[in-house]
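Listed below are the residues making up each chain.
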Amino acid sequence: MTQQQVQPIFILPEGSQRTLGKEAQRNNILAAKAVAETVRTTLGPKGMDKMIVDTLGDVTVTNDGVTILEDMNIEHPSAKMIVEVAKTQENEVGDGTTTAVVLAGELLKNAEELLDQDVHPAVISRGYRLAEVKAQEILNQMAEKITANNEDILKKIAQTAMTGKGAEYSKESLAALAVKAVKMVAEDKHIDRDNIKIEKRTGGSVQDSELIKGIVIDKERLSPGMPRVIADAKIALIDREIEIKKTEIDANIQIKTPDQLQGFLDQEEKMLQDMVNYITSAGANVLLCQKGIDDVATHYLAKNGVYAVRRVSESDMKKIAKATRANIINNLKDLSGNDLGFAGTVEGKKVGDEEFTYIQDCKNPKAVTLLIRGGTEHVTSEIERAVTDAVGDVAAALKTGLVVGGAGSPEIELSMSMKKYANSLSGREQLAVMAFANAMEVIPRTLVENAGLDPIDSMADIKAAHSKKQKWAGIDVFTGKVMDAWKRGVIEPLNIKTQAISSAAEVSVMVLRIDDVIQSASSNDQMPQQMPPGGMGGMPPGMGGMGM
Ligand code: ADP
Ligand code: MG
């Protein structure tokens, strides 16, 4: 830019905002750090909870990283990128969301210090990529192998996932349920978390939570004339309506006499009766239909002693098919005895003031339900999230067969090995790898801080233990002393750590590489208030052009 008085050329629509170069970078880093700072205090067993009140006044009290970030409705574009990290972590592993976000924040914070020393962002990005690859390698070497027979370790993994959440006081029984559920739906190494339906019911106590060998749906039978309980249920799953379809063309049927009308109605009734016949003659005594069921059909179903439910959701249909080994049928004429599923009982139950259908006691079901009970709505919701984490961690551990100790031990081991690696490099990338290695320490440090303890001594002690080859030396958050995380049963699946590190590295490189933020006018009004204090010193509105 020069000082000459030349007519500026506008390349962006009026009202767009543009932030360039260092300023853009700093703003983005600031926003990302602000996100990390928000969830940081929730990390670990001594982490605090957040209360989030949405626009409707609904309250969520949670310790779960991804829930907090999703419910916060973050608007800032690069802060949103950090939220994506949490979401990816949630989808890939189901736990470790706070860890991933805190790591991303720390990586960016350390990158900022390098920027201050005039290290070019491209160099930092390159160094971070190198470091990330090395980190994965080190983690894989550190990990311990387990199999489905290591029941004890699996339970500890589930308990570690629930530590510090609302489930704390019942974590032993809940951990046992989570492990049992995952083992039931596992088909060799293939475990689909979707096959574990986690249902919550307010009322009763957490201890009343149970594993149902089958599926519970929030639907009741169609008419009180149907039996409430069916033993030895043979279940037909139909994904079409059991109604007479309206004709697609407009036809005029002229009815001149009452006889004709009766004949017409009889004809319809006959068709519906036929439909019911297909179901009963296949041997079904339970009908679960994804679409509607006509009243006349309901009448005949009840008359035949069939327990029928309509408008079952597609995802429930799929789970029920897995649990009872039924085939979902579209054409009623095709339905045969082989397509029917089996359940020990199908029963309509009233819990609280809601009606449910329990499809349970299935033989070797590949889909099950974890029924979570708790005293209040907030408690059950938080326990549901804790159990979801536990199920995710146990599944992840079984899938890869690799696990690590927790309590900050893998992060310290990583950090120390990576510093050695950094020393083997030359040039400025060394600085970036070193910054990456230092960033790993944020996890144990935060665990200590959140416990209200002073991190300086604890960090020194834990590093000393690692120098003595105690690779699972972690932080005892109750005393601030060093403990062997493995022996104390603080165990996590390896891929919580590998996934957290890869997405944190990815997002920090992505944020670092942005040197220009161009914002259209429409979203400007939301920008300033979402910025952390001191952020977004950007150009005033209307400076959409560049002076030449
Ligand atoms: P995230 O969303 O990342 O899973 P959490 O709040 O669940 O966050 O905290 C996970 C961290 O807490 C991990 O680093 C884990 O090793 C640590 N942790 C869990 N249980 C214990 C424990 N009993 N003692 C020390 N650290 C623990
Ligand atoms: Mg966790």
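Residues numbered from 1 in each chain as written. Chains lettered and ligands numbered in written order. Predicted model: local features only at pLDDT ≥ 70, side-chain atom pairs only at ≥ 80, totals over all residues. Heavy atoms only, no water.

(A) Fine view of the pattern of salt bridges. Taken as a whole and judged by the stated rule, the model has 27 salt bridges. Between Asp116 and Arg26 there is a salt bridge, and its shortest N-O distance comes to 2.9 Å. With a gap of 90 residues between them, Asp116 in helix 4 (residues 97-116) and Arg26 in helix 1 (residues 21-40) connect regions that are remote in the sequence. Judged by its relative accessible area of 25%, Arg26 falls in the partly exposed class. (Salt bridge = Lys/Arg side-chain N within 4 Å of Asp/Glu carboxyl O. Helix = DSSP H or I, 4+ residues; strand = E, 2+ residues; numbered from the N terminus. Buried < 20%, exposed > 50% of the residue type's maximum accessible area, 1.4 Å probe, protein only.)

(B) Representation of the sheet that holds strand 14 (residues 368-374) within the structure. The strand order 5-14-6 describes an open sheet built from three strands, whose pairing is mixed. Lying at the two open borders of the sheet, with one neighbouring strand each, are strand 5 (196-202) and strand 6 (210-212). In this sheet, neighbouring strand axes are inclined to one another by 25° on average, regardless of whether the strands run parallel or antiparallel. The pairing of strand 6 with strand 14 spans three bridges and is classified as antiparallel. Bridge pairing links Leu211 to Leu370 in strand 14. Helix 11 (residues 377-400) rests against strand 5 and strand 14 of the sheet, and its axis sits at about 160° to strand 5. (Pairing = 2+ DSSP bridges. Axes fitted to C-alpha atoms, helices over the stretch in contact; angles between N-to-C directions. Contact = heavy atoms within 4.5 Å.)

(C) Here's a closer look at the packing of helix 12 (residues 409-423) against helix 15 (residues 455-467). Where helix 12 contacts helix 15, the axes come no closer than 10 Å and their chain directions differ by 70°. Here helix 12 is positioned roughly perpendicular relative to helix 15, judged by the angle of their axes. Note on packing geometry: the crossing formed by helix 12 with helix 15 is right-handed. In contact with Ser409, Ile412, Glu413 and Met416 of helix 12, helix 15 contributes Met459, Ile462, Lys463, His466 and Ser467. A breakdown of the residues in the contact of helix 12 with helix 15 according to their chemical character gives four nonpolar, three polar and two charged. (Parallel < 35°, antiparallel > 145°, perpendicular 65-115°, else oblique. Left-handed = near helix turned anticlockwise from the far one by under 90°. Nonpolar A, V, L, I, M, F, W, Y, C, P; charged D, E, K, R; others polar.)

(D) Local environment of the domain arrangement of the protein chain. By domain assignment, the protein chain separates into domain 1 (17-143 + 404-521), domain 2 (147-212 + 369-400) and domain 3 (215-245 + 260-364). Contacts between domain 1 and domain 2 engage 22 residues on the former and 18 residues on the latter. Taking both sides of the interface into account, the surface hidden between domain 1 and domain 2 amounts to around 1700 Å²; carbon and sulfur atoms contribute 50%. Area buried by domain 1 at its contact with domain 2 is led by Asp95, Ile491 and Pro493, which between them contribute 26% of it. Taken together, domain 1 and domain 2 are joined by zero salt bridges. Seen at the junction of domain 1 and domain 2, the total is three residue pairs in polar contact (both at pLDDT 80 or more). (Domains from an automatic or database assignment. Buried area = accessible area lost by both parts, 1.4 Å probe. Polar contact = N/O pair within 3.5 Å; in protein donor to acceptor, adjacent residues only side chain to side chain.)

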